[in-house]
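Now for the letters of each chain:
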Amino acid sequence: MNFLFNEEQTSLGETVGQVLADFAALTAPDPSRDSEAEVWGALAELGLFSLLVPEEHDGVGLAFVDLAPSIEALGSGLASPLIASTLVATEAIKRLGSSDQRAKLLPEIAIGETAIAIASAELGRGKDPFFAECRLLDGKLSGKKIAVAGADVAQELLVIARTESAPVLVLVPTDAAGVTITAHSDIDPSAGLCRVVFDNVAVAAGQQLARASIDALDTLVDLGATVHSGMAMGIAEVMLRRSVAFASQREQFGKPIGSFQAIKHRCADLAVAVEAGKATSHYAFWACSENSEDRSGAASAAKAYCGEIGCNACNDAIQVHGGMGFTWELGLHRYLRRAQVIEHAVGSRAWHYDRVVTEALAAREVENAAHRDAA
Amino acid sequence: MDFNYTDEERKFRFELRDWLASALPAGWGDTVFEPEDEEERYLFRRDWDKKLSSGGWSGINWPVEYGGRGATLVERGIFAEEMARAKAPESLNIIGHNLAGTTILHHGTQAQKDRFLPPIIANDEIWCQGFSEPNAGSDLASVRTKAVRHGDKYIVNGQKIWTSYAQYSQWCFALVRTDVDAPKHKGLSFLLIDMKSPGILIRPLRQISGESEFNETFFEDVEVPVENLVGEENDGWRIAMTTLAYERGPEDCLGRQVRFKQEMEKLLEVCSAEPTANGVLSDDPIVRQKLGRSIVEIEAMRLVALKSFSRIHAGDERGPDASVIKLYWSHAAQRMNEAALDILGPTAVLAEGDEDAKASGRFQTSYLQSKAFSIYSGSSEIQRNIIGERMLGLPR
Ligand SMILES: Cc1cc2nc3c(=O)[nH]c(=O)nc-3n(C[C@H](O)[C@H](O)[C@H](O)COP(=O)(O)OP(=O)(O)OC[C@H]3O[C@@H](n4cnc5c(N)ncnc54)[C@H](O)[C@@H]3O)c2cc1C
């Protein structure tokens, strides 16, 4: 047992961070998507999209957990959420796809040709990422999704829908007839959130992710939740670093404000939250990688907790920076905005805390049954 | 990163699990519990400690030459998990194991190691910690209890306070002033004091919870042989820092997490049985939010400690990350205890001894006890100073 990342995992994350740092626009005060295509190209060239693809499909064949530091770097660097959703979809296709789907999609993904947006959220469905009104009936998909990150530039959509009786995961090309994608007016214009309407879109049997079932949805939600926990921790880390740097240098009353305990202690609490959040997130990556028994509990724990920590870290950083923190020009608002997008993707905090309880009660049942059997 | 265990480690786990099943009384945790009376509980825990050591389950990661098991930190982690799983009783000698023993291992002479370590592992000698004084709490370096050397003895005079378990202890490690003229951090020494020495007076102090675990300890012309000095004279502050690093470290956190996890399990049990107008408590969405967050935090406590184990294993020094761990667990546990009472509704105010109290009133006792978490082992404010200044590099 070892809870530290190895050299390769760490340096991969650092490299992703360095590539992103070359694009100043990503974290600039004005939210824009101007560099999105270029960033995508640079990461594809680095091979990021081939990492999770198995070797038999021209990829590197790394495990999900190997990418944890890289995902944090995507969060810190405010990279387009489409990058993360493509990685989540890659892992989902790898686990759930038929051999045809894998053979067709994975090599395209590996070279960065196919970006996949994940369409889950709907209006009027509360916080449950599982529940879909989008219907797949007689091979036709109809319905409306909101807050689909990067749908307007992606090649494929991975859609949570349902048939008469069961949930399904379907892959729909963004240019299919009957798909209408429009940009939202949203809190984080750099995230590329879109409204996607399906109007009798023809879906062939081969577009359904094989083995789609409640288990398949669990898999998708767990992977997505975990990746979002990682991005939230990336944001929290930057907020901590910037708060400490500012507090060390800004002077009031003839002293650096970091010498005042109210500020110092806020930074210390943030450092503790970062440590606890990362431990939770890292464990979720591992649990997903290994498909461990507590995978869903670990993923929901990470999503709920890290989402909360990410948002709070932005609040703290803004407070520590005073009036500067509230300015457009300093750009802290970019992290605050993104933290909200992350918080509400793949099910909100409340839904995930609730699922943690469901999983804990179920585990208790199992434990109790074993106890009874033993007695 | 890999949470999988080796065959060796799995073997360790199952051996321990089997041993615990045979060593604990039948029905333990279901129908059989610790005695409620303080004195009886003391005797019960002392017996349990003895049982652990005679079974070879004491001093898990201590060197074999002193009677330890020589296990790895990973196995130390497994030990904590299995103790939690079995709802094993708490040890009386946590201070001996986590503080006295580790400090002597680091800084003691060979003779001190040979003399003091085996009885700690055998749980024959219980230890207490004589650091705090009425005027030296957070500002520990200002202790005034004086030790003056006369030939081959120190003569100790002064008063310690908040000395937990002094009434049960055979030994006390104390921070004393040996040079009154030196700057306050430079005139301290670390002494091992036999609690049977003439001139020691212990006066119990009653705590918030009604129990009396901690005491005032008075020293009047107490003689301590010079061979009981750990490290050099006037180098006591450095030695005490080692003690504090362990007091706040991952071993301590894991040991506590075991208790908190049991508490959480108990809370889940109550919530899934307690009827409400439309179901049971654990169906209530607001209750579930509170439970969910506490479950996550109790688990994070374990993960934070394991991460620290991995860092230490990889060769990192024990440093301010001990403060991160301490600060985290104290508040996370307090939040769980707050949540428990909040969730229990009207029965939240019914305590031990009341026939309508839930889980025999343990949540109420724990709630009261939890108030100490953010005070002892260095208050939260002090931990935040340490993290801010030594880890984050913020100015003083
Ligand atoms: C249950 C329990 C068991 C204990 N067991 C032991 C034991 O076995 N052995 C032992 O030696 N001690 C023990 N202690 C003592 C404990 O270590 C001290 O209580 C603790 O260090 C705080 O010291 P104090 O009580 O003098 O409070 P003070 O130091 O007077 O602190 C009072 C308040 O002021 C704050 N404060 C103090 N200095 C600063 C600062 N620089 N910046 C910001 N805030 C500050 C503190 O955080 C606290 O909130 C125990 C305490 C408790 C509650």
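These numbers were taken from a predicted model, which means no experiment stands behind them. Residue numbers here run from 1 along each chain, matching the order of that chain's written sequence. Numbering of ligands from 1 and lettering of chains from A proceed in the order in which they are written. Local features in a predicted model are, by the rule used here, given only for residues with pLDDT of at least 70; side-chain atom pairs are given and counted only at 80 or more, and totals for whole chains, interfaces and linings are based on all residues. Heavy atoms from the whole structure form the basis of all side-chain values; hydrogens and water molecules are not counted.

## A look at the overall build of chain A
Right, so step 1: Helix and strand assignments come from DSSP, with helices taken as H or I runs of at least 4 residues and strands as E runs of at least 2, each series counted from the N terminus. Helix and strand content of chain A: 11 helices and 9 strands.
Right, so step 2: Its C-alpha atoms put chain A at 75 × 65 × 40 Å along the principal axes.
Right, so step 3: Residues counted as buried form 59% of the 375 residues belonging to chain A.
Right, so step 4: A fraction of 74% describes how many contacts in chain A between residues 6 or more apart in sequence connect residues 24 or more apart.
Right, so step 5: If you sum the accessible surface of chain A, you get close to 14,500 Å²; carbon and sulfur atoms cover 52% of it. Working definition: with a 1.4 Å probe on protein chains only, accessible area under 20% of the residue-type maximum means buried, over 50% means exposed, and in between means partly exposed. Any two residues having at least one pair of non-hydrogen atoms within 4.5 Å are treated as being in contact. Only the protein chains shown count as cover for residues, with accessible areas throughout obtained via the Shrake-Rupley method and a probe of 1.4 Å.

## Re the packing of helix α1 (residues 7-23) of chain B against helix α2 (residues 38-54) of chain B
Residue and element names in this part refer to chain B.
Right, so step 1: Packing of α1 against α2 brings their axes to within 12 Å, and their N-to-C directions diverge by 140°. Classified by the angle between their axes, α1 and α2 sit oblique to one another. The handedness of the crossing between α1 and α2 comes out as right-handed. Between α1 and α2, the contacting residues are Trp-19, Leu-20 and Ala-23 on the first element and Trp-48, Lys-51 and Leu-52 on the second.
Right, so step 2: Of the residues that constitute the contact of α1 with α2, the class distribution is 5 nonpolar, no polar and 1 charged. Axes here mean lines fitted to C-alpha atoms, for a helix over just the part in contact, with angles spanning 0 to 180 degrees between N-to-C directions. Throughout, the term roughly parallel applies to angles under 35 degrees, roughly antiparallel to angles over 145, roughly perpendicular to angles from 65 to 115, and oblique to all others. Crossing handedness is read from the near helix: turned anticlockwise from the far helix by less than a right angle, it gives a left-handed crossing, and turned clockwise, a right-handed one. Under the grouping applied here, Gly and all other residues not named as nonpolar or charged are polar, the nonpolar ones being Ala, Val, Leu, Ile, Met, Phe, Trp, Tyr, Cys and Pro and the charged ones Asp, Glu, Lys and Arg.

## Side note on the pairing of strand β4 (residues 171-177) of chain B
Residues and elements named next belong to chain B.
Right, so step 1: Buried residues dominate β4, accounting for 7 of its 7 residues.
Right, so step 2: Alternating positions in β4 separate into two faces, Trp-171, Phe-173, Leu-175 and Arg-177 on one and Cys-172, Ala-174 and Val-176 on the other, with burial throughout.
Right, so step 3: Pairing analysis gives 4 bridges linking strand β1 (residues 127-130) to β4, with the strands arranged parallel. Counted as the bridge partner of Cys-128 is Cys-172 from β4.
Right, so step 4: Think of it this way: DSSP has to see at least two bridges between two strands before they count as a pair. Sheet analysis places β4 next to strand β5 (residues 188-194), joined by 7 bridges and oriented antiparallel.

## Concerning empty space enclosed by the protein
All names here are of chain A.
Right, so step 1: Any residue with an atom within 4 Å of a point lines the site, the site being either a cavity, points on a 1 Å grid over the protein atoms alone where a 1.4 Å probe fits but cannot get out, or a pocket, an open set with protein on both sides within 12 Å along at least 5 of 7 lines. Grid points are joined across faces, edges and corners, and a volume is the space filled by probe spheres set on the points. As enumerated under the stated definition, the model contains 2 cavities of 30 Å³ or more in all.
Right, so step 2: Along the walls of the largest cavity sit 14 residues, with Leu-26, Ser-32, Glu-36, Ser-80 and Ser-190 positioned nearest its centre.
Right, so step 3: Mapped by element, the contributors of at least two residues to the lining of the largest cavity are α2 (36-46) and α10 (332-344).
Right, so step 4: Each residue belonging to the lining of the largest cavity can be placed in one class, and the counts come to 6 nonpolar, 4 polar and 4 charged.
Right, so step 5: Of the volumes computed, that of the second largest cavity is approximately 80 Å³.
Right, so step 6: Of the residues in the lining of the second largest cavity, the class split is 4 nonpolar, no polar and 4 charged.

## Let's talk about helix α5 (residues 99-110) of chain A
Residue and element names in this part refer to chain A.
Right, so step 1: How far a helix is expected to stretch is found by multiplying one less than its residue total by 1.5 Å. In this model α5 runs 16 Å from its N-terminal to its C-terminal C-alpha over 12 residues, within 8% of the 16 Å that 1.5 Å per residue would give.
Right, so step 2: Three or more residues of α5 are buried, namely Gln-101, Arg-102, Leu-105, Leu-106, Pro-107, Ile-109 and Ala-110.
Right, so step 3: Buried residues belonging to α5 abut α4 (81-96), β1 (116-119), β4 (156-162) and β5 (167-173).
Right, so step 4: Downstream of α5 by one or two residues, Gly-112 has phi in the positive range, about 85°.

## Things to note about the domain arrangement of chain B
When the parts come together, some accessible area is lost, and that loss is often what is quoted as the size of the interface.
Residues and elements named next belong to chain B.
Right, so step 1: For the purposes of this description, domain bounds are those given by an automatic or database domain assignment. Domain boundaries assigned for chain B yield domain 1 (7-92), domain 2 (127-235) and domain 3 (248-391).
Right, so step 2: The interface of domain 2 with domain 3 comprises 4 residues on the first partner and 5 residues on the second.
Right, so step 3: Summing both partners gives a buried area of about 360 Å² for domain 2 against domain 3, and 66% of it is carried by carbon and sulfur.
Right, so step 4: Each of two parts loses accessible area, computed with a 1.4 Å probe, when they are put together; buried area is these two losses added. The largest per-residue losses of area from domain 2 upon contact with domain 3 belong to Ser-138, Ile-208 and Ser-209, which jointly make up 81% of the total buried on that side.
Right, so step 5: A pair is scored as a salt bridge if a Lys or Arg side-chain nitrogen falls within 4 Å of a carboxyl oxygen belonging to Asp or Glu. In this assembly, domain 2 and domain 3 are joined by 0 salt bridges.
Right, so step 6: Pairing of N or O atoms within 3.5 Å defines a polar contact, subject to two protein rules: one partner must be a possible hydrogen donor and the other a possible acceptor, and residues neighboring in sequence count only if both atoms are side-chain atoms. The tally of links from domain 2 across to domain 3 stands at 1 residue pair in polar contact (both at pLDDT 80 or more).

## Re the site of the ligand
Right, so step 1: Contacts to the ligand come from 18 residues, most closely from Ser-132, Ser-138, Trp-162, Ser-379 and Glu-381 of chain B.
Right, so step 2: At the site occupied by the ligand, nearby residues are drawn from chains A and B.
Right, so step 3: At 2.7 Å from an oxygen atom of the ligand is found a main-chain nitrogen or oxygen belonging to Ser-132 of chain B.
Right, so step 4: In isolation the ligand exposes 970 Å². Once the protein is present, 66% of that is buried.
Right, so step 5: With 3 residues, the single largest contributor to the shell around the ligand is helix α11 (residues 380-391) of chain B. Neighbouring residues are identified by heavy atoms, a residue being near a molecule or strand if any of them is within 4 Å of it.

## Observations regarding the interface of chain A and chain B
Right, so step 1: With 45 residues of chain A at the interface, the matching set in chain B holds 45 residues.
Right, so step 2: A buried area of about 4,300 Å², summed over both sides, lies between chain A and chain B, and 64% of it is on carbon and sulfur atoms.
Right, so step 3: Contact with chain B buries area across many residues of chain A, yet Met-1, Phe-3 and Arg-364 of chain A alone supply 19% of it, more than any other trio.
Right, so step 4: The tally of links from chain A across to chain B stands at 7 salt bridges.
Right, so step 5: A salt bridge links Arg-288 of chain B to Asp-354 of chain A, with the shortest nitrogen-to-oxygen separation between them at 2.8 Å.
Right, so step 6: Along the contact surface separating chain A from chain B lie 22 residue pairs in polar contact (both at pLDDT 80 or more).
Right, so step 7: Mapped onto the side of chain A that touches chain B, the elements with two or more residues apiece are α6 (214-249), α7 (261-290), α8 (295-320) and α11 (349-374) of chain A.
Right, so step 8: In terms of residues, the side of chain A that touches chain B owes the most to one element, α7 of chain A, which gives 16 residues.

## As for the side chain of His-97 of chain B
All names here are of chain B.
Right, so step 1: Of note, His-97 is situated in helix α4 (residues 94-107).
Right, so step 2: Among the polar contacts made by the side chain of His-97, one reaches the main-chain carbonyl oxygen of Ile-120 at a distance of 3.3 Å.
Right, so step 3: Residues in contact with His-97, not counting those within four places in the same chain, are Ser-58, Gly-59, Trp-62, Thr-102, Ile-120, Ile-121 and Asn-123.

## Section: unusual backbone geometry
Right, so step 1: For Phe-253 of chain A, which is not a glycine, the phi torsion comes out positive at approximately 55°.
Right, so step 2: Within the fold, Phe-253 of chain A resides in the loop between β8 (251-252) and β9 (255-256).
Right, so step 3: The phi dihedral of Asn-234 of chain B falls on the positive side, at around 70°, and the residue is not glycine.

## So, the environment of Ala-24 of chain A
Residues and elements named next belong to chain A.
Right, so step 1: Along the chain, the position of Ala-24 falls in the loop between α1 (7-21) and α2.
Right, so step 2: You can call Ala-24 exposed: its relative accessible area is 57%.
Right, so step 3: Once the C-alpha coordinates of Ala-24 and Gly-77 are considered, the two residues, 53 residues apart in sequence, prove to be 9.5 Å apart.

## What to know about the nonpolar core
Residue and element names in this part refer to chain A.
Right, so step 1: Counting 193 residues, the largest nonpolar core has Leu-43, Leu-141, Val-172 and Phe-198 as the members making the most contacts within it.
Right, so step 2: Examining the composition of this core, we find that 17 residues originate from one element, α6, more than from any other.
Right, so step 3: Among residues more than four places away in sequence, those in contact with Phe-198 are Cys-134, Leu-141, Ser-142, Gly-143, Lys-145, Leu-157, Val-159, Val-172, Gly-178 and Val-179. By convention a nonpolar core is built from buried Ala, Val, Leu, Ile, Met, Phe, Trp, Tyr and Cys residues, the set being connected through side-chain atoms within 4.5 Å.

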